[in-house]
Amino acid sequence: MIVAEPLGSAEDKSLELELGRNIHNLARGGAAFRQPESGDGETSAENLGNLLRQVSKTSMDGIDNLISELQTLRRKLQTDGDRIEREIAKHAELSQQVMQLTTIISDSVKKLPGRAA
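Predicted, not measured: the structure shown is a model, and the values here were computed from it.

**Q** Is there a simple way to think about the overall build of the chain in this case?
**A** Counting its regular elements, the chain contains 2 helices and 0 strands. Counting over 117 residues, the chain shows a buried share of 9%. When the accessible surface of the chain is totalled, it reaches about 10000 Å², and 59% of it is carbon and sulfur.

Right, dumping it as structure tokens:
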């Protein structure tokens, strides 16, 4: 799984580490599902039922954790996107103000006495 490069904040790194640990734990958890066979070489129906419940619960818990983490990442992405949009709008406004100021200064310099026109 490829994760986008974070912006570098401590919160980003913490979230990335937690996501990696959860995925690692989920992958490692498969070994816990092995059940010993009964003496005659077959697993009883009760053991199969317990195994199925255990696998299902662990899988659903893992999926729920991943969904929660993805929702957290989605909210962060939305927040960062909104912040970037505001910063771009602010930059455009400042750029426009600089252009107006440059025009005012240029016009003022043209009106100075002794300036050859």
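Moving on from the model shown.
**Q** Where do I start with helix α2 (residues 45-110) in this structure?
**A** An α-helical turn contains 3.6 residues, so any two residues separated by three or four positions project in the same direction. Here α2 spans 96 Å end to end across 66 residues, near enough to the 98 Å set by a 1.5 Å rise per residue. Every buried residue belonging to α2 is among G49, G62, E69, K76 and D80, and all of these are buried.

**Q** Would you mind showing me how to read the pattern of salt bridges here?
**A** Side chains that differ in charge, positive against negative, can pair when their charged atoms come close. Applying the stated criterion across every chain, the model contains 3 salt bridges. We note a salt bridge from K57 to D61, for which the minimum N-O separation is 2.8 Å. On the criterion of helical spacing, the pair formed by K57 and D61 is a turn pair, its members being 4 residues apart in helix α2. With a shortest N-O distance of 2.7 Å, D80 and K76 are connected by a salt bridge. Of this pair, D80 and K76 are both found in helix α2, 4 residues apart, which corresponds to roughly one turn of the helix. As far as the burial class goes, D80 and K76 line up, both buried.

**Q** Quick question: what am I supposed to make of the side chain of E69 here?
**A** One can find E69 in helix α2. Relative accessible area serves as the criterion here: at 9%, E69 is assigned to the buried category. Setting aside anything within four residues of it in sequence, one finds E69 in contact with E18, L19 and N22.

**Q** How should I be thinking about the environment of T102 in this particular structure?
**A** Among the structural elements, T102 can be located in helix α2. Within polar-contact distance, the side chain of T102 engages the backbone oxygen of V98 at 2.7 Å.

**Q** Looking at this structure, how should I read the environment of E18?
**A** Inspection of the secondary structure puts E18 in helix α1 (residues 10-28). Overall, the relative accessible area of 35% leaves E18 in the partly exposed class. Along the primary structure E18 and E69 are separated by 51 residues, whereas in three dimensions their C-alpha atoms are 9.1 Å apart.

Definitions and limits used
Along each chain, residue indices are assigned from 1 in the same order as the chain's sequence is written. Totals for whole chains, interfaces and linings use all residues, but because this is a predicted model, local features are given only for residues with pLDDT of at least 70 and pairs of side-chain atoms are given and counted only at 80 or more. In computing side-chain properties, one takes all heavy atoms of the structure into account and sets aside hydrogens as well as water. Comment: elements are numbered from the N terminus, with helices defined as DSSP H or I runs of at least four residues and strands as E runs of at least two. Exposure categories follow from relative accessible area, calculated using a 1.4 Å probe and restricted to protein chains: below 20% of the type maximum is buried, above 50% is exposed, and the middle band is partly exposed. The method behind every accessible area is Shrake-Rupley, applied with a 1.4 Å probe, and residues are considered shielded solely by the protein chains displayed. Each helix should span, by expectation, one fewer than its residue count multiplied by 1.5 Å. Counted as salt bridges are all cases of a side-chain nitrogen of Lys or Arg within 4 Å of a carboxyl oxygen of Asp or Glu. The contact criterion used is simple: two residues touch if any of their non-hydrogen atoms lie within 4.5 Å. Identification of polar contacts relies on pairs of N or O atoms within 3.5 Å, with a donor-acceptor requirement for protein atoms, meaning one able to donate a hydrogen and the other able to accept it, and with residues adjacent in sequence counted only if both atoms are side-chain atoms.

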